[in-house]
Amino acid sequence: MNLEQFKIAVLPLREKLLNYSRKMTKETSDAEDIVQEAFLKLWRIREKLDEYRSIDALATEMVKNLCLDKWKSPAYNMARLDEIKAEVGWDNPERTLEEQDQVRLICKIVETLPPLQQTIIRMKDVEGYEAGEIATIIGRDIESVRVNLSRARKRVREIFLQLTEERKGKER
């Protein structure tokens, strides 16, 4: 596929991909970066694009995966913590450190969950998606999303309580 064919087949998808990415990241600059990265990946495999039935579906899948990768990054999670702190207006440094430790611990616990549960809990509890939206995005039925979310939350709660009790026991 040459440059002209690429422009005709791929570039018209930009707005659709940008809207999709904005919905997943809630940040315009992040969404633009993700779409740009998807275009670069598509450009790198331009010779193989004719083998795909739908370049649109491939591009959408790439954007979805790039968004999920973004969610998993520690920098993204710490940025979200900073936003929360600014909204709440924490003034107590000791309390702030304690809260940061708890958030880090919860993030580490979430990382131990199976990938599907990680994705669902992040989409629901961090990004604020509804169960129906999550089901559509990940290609599962809504009941599966609810069951996985419930199991993920229960597991995070169990591990968090267990670890905090162990810490308290060591401090005594």
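Parameters and conventions
Residues numbered from 1 in each chain as written. Predicted model: local features only at pLDDT ≥ 70, side-chain atom pairs only at ≥ 80, totals over all residues. Heavy atoms only, no water. Salt bridge = Lys/Arg side-chain N within 4 Å of Asp/Glu carboxyl O. Helix = DSSP H or I, 4+ residues; strand = E, 2+ residues; numbered from the N terminus. Buried < 20%, exposed > 50% of the residue type's maximum accessible area, 1.4 Å probe, protein only. Phe/Tyr/Trp six-rings, centres within 6.5 Å; stacked < 30°, edge-to-face > 60°. Lys NZ or Arg CZ within 6 Å of the ring centre and 35° of its normal. Core = buried A, V, L, I, M, F, W, Y, C linked by side-chain atoms within 4.5 Å. Contact = heavy atoms within 4.5 Å. Axes fitted to C-alpha atoms, helices over the stretch in contact; angles between N-to-C directions. Parallel < 35°, antiparallel > 145°, perpendicular 65-115°, else oblique. Left-handed = near helix turned anticlockwise from the far one by under 90°. Nonpolar A, V, L, I, M, F, W, Y, C, P; charged D, E, K, R; others polar. Patch = residues over 30% accessible without salt bridge, like charges linked within 9 Å, V, L, I, M, F, W, Y side chains within 5 Å. Areas by Shrake-Rupley, 256 points an atom, 1.4 Å probe, with all protein chains shown as cover. Lys, Arg positive; Asp, Glu negative; His and termini not counted. Charge placed at Lys NZ, Arg CZ, Asp CG, Glu CD.

> Help me understand the pattern of salt bridges, please; the structure alone is not making it clear to me.
Two side chains of opposite charge can pair, provided their charged atoms sit close to one another. If you walk through the whole model with that rule in mind, you get 11 salt bridges. Between K64 and E61 there is a salt bridge, with its nearest N and O atoms 3.2 Å apart. Within this pair, K64 and its partner E61 are both found in helix α4 (residues 55-72), separated by three residues, close to a single helical turn. Of the residues examined, K64 reaches a relative accessible area of 13% and is grouped as buried. Look at E61 and you get partly exposed, because its relative accessible area is 38%. Between E130 and K124 there is a salt bridge, and its shortest N-O distance comes to 3.9 Å. The exposure class assigned to K124 is partly exposed, which follows from its relative accessible area of 23%.

> Explain the packing of aromatic side chains here, please?
In this description, an aromatic ring pair is defined by two values, namely the gap between the centres and the angle between the planes. This model, assessed by the stated rule, comprises one aromatic pair. Both rings, one in F6 and one in W43, keep their centres 5.0 Å apart while their planes meet at 85°; by these two values the pair is edge-to-face. Of this pair, F6 sits in helix α1 (residues 3-9) while W43 is found in helix α3 (residues 28-44), placing the two residues 37 residues apart along the sequence. Residue classification places F6 among the buried positions, given a relative accessible area of 6%. The ring of W43 has R46 sitting right over it, with the charged end atom 3.9 Å from the ring centre.

> Looking at this structure, I do not really get the nonpolar core. What am I missing?
Nonpolar side chains in soluble globular proteins tend to end up buried together. The biggest cluster of nonpolar side chains holds 41 residues, and the ones touching the most others in it are L42 and L49. The set of elements that each furnish at least two residues to this core consists of α2 (14-25), α3, α4, α6 (93-111), α7 (115-126), α8 (131-138) and α9 (142-171). The element best represented in this core is α4, accounting for nine residues. Residues contacting L42, with those up to four places away along its chain left out, are F6, V10, L49, L58, A59 and M62.

> How should I be thinking about the packing of α2 against α3 in this particular structure?
A packed helix pair is summarised by two numbers, namely the angle formed by the two axes and the spacing between the axes. For the pair α2 and α3, the least separation of the axes is 8 Å and the interaxial angle reads 130°. Taken as axis vectors, α2 and α3 run oblique relative to one another. Between α2 and α3 lies a crossing of right-handed hand. Counting all contacts with α2, which are made through R14, L17, L18, S21, R22 and T25, the residues of α3 involved are T28, D30, A31, E32, I34, V35 and F39. Of the residues assigned to the contact of α2 with α3, the class counts are six nonpolar, three polar and four charged.

> Help me out: how do you make sense of a negative patch on the surface in this one?
On the surface, E32, D33, E37 and D69 cluster together to form a negatively charged patch. Per-element tally for the negative patch: the top contributor is α3, with three residues. Topologically, D33 is positioned in helix α3.

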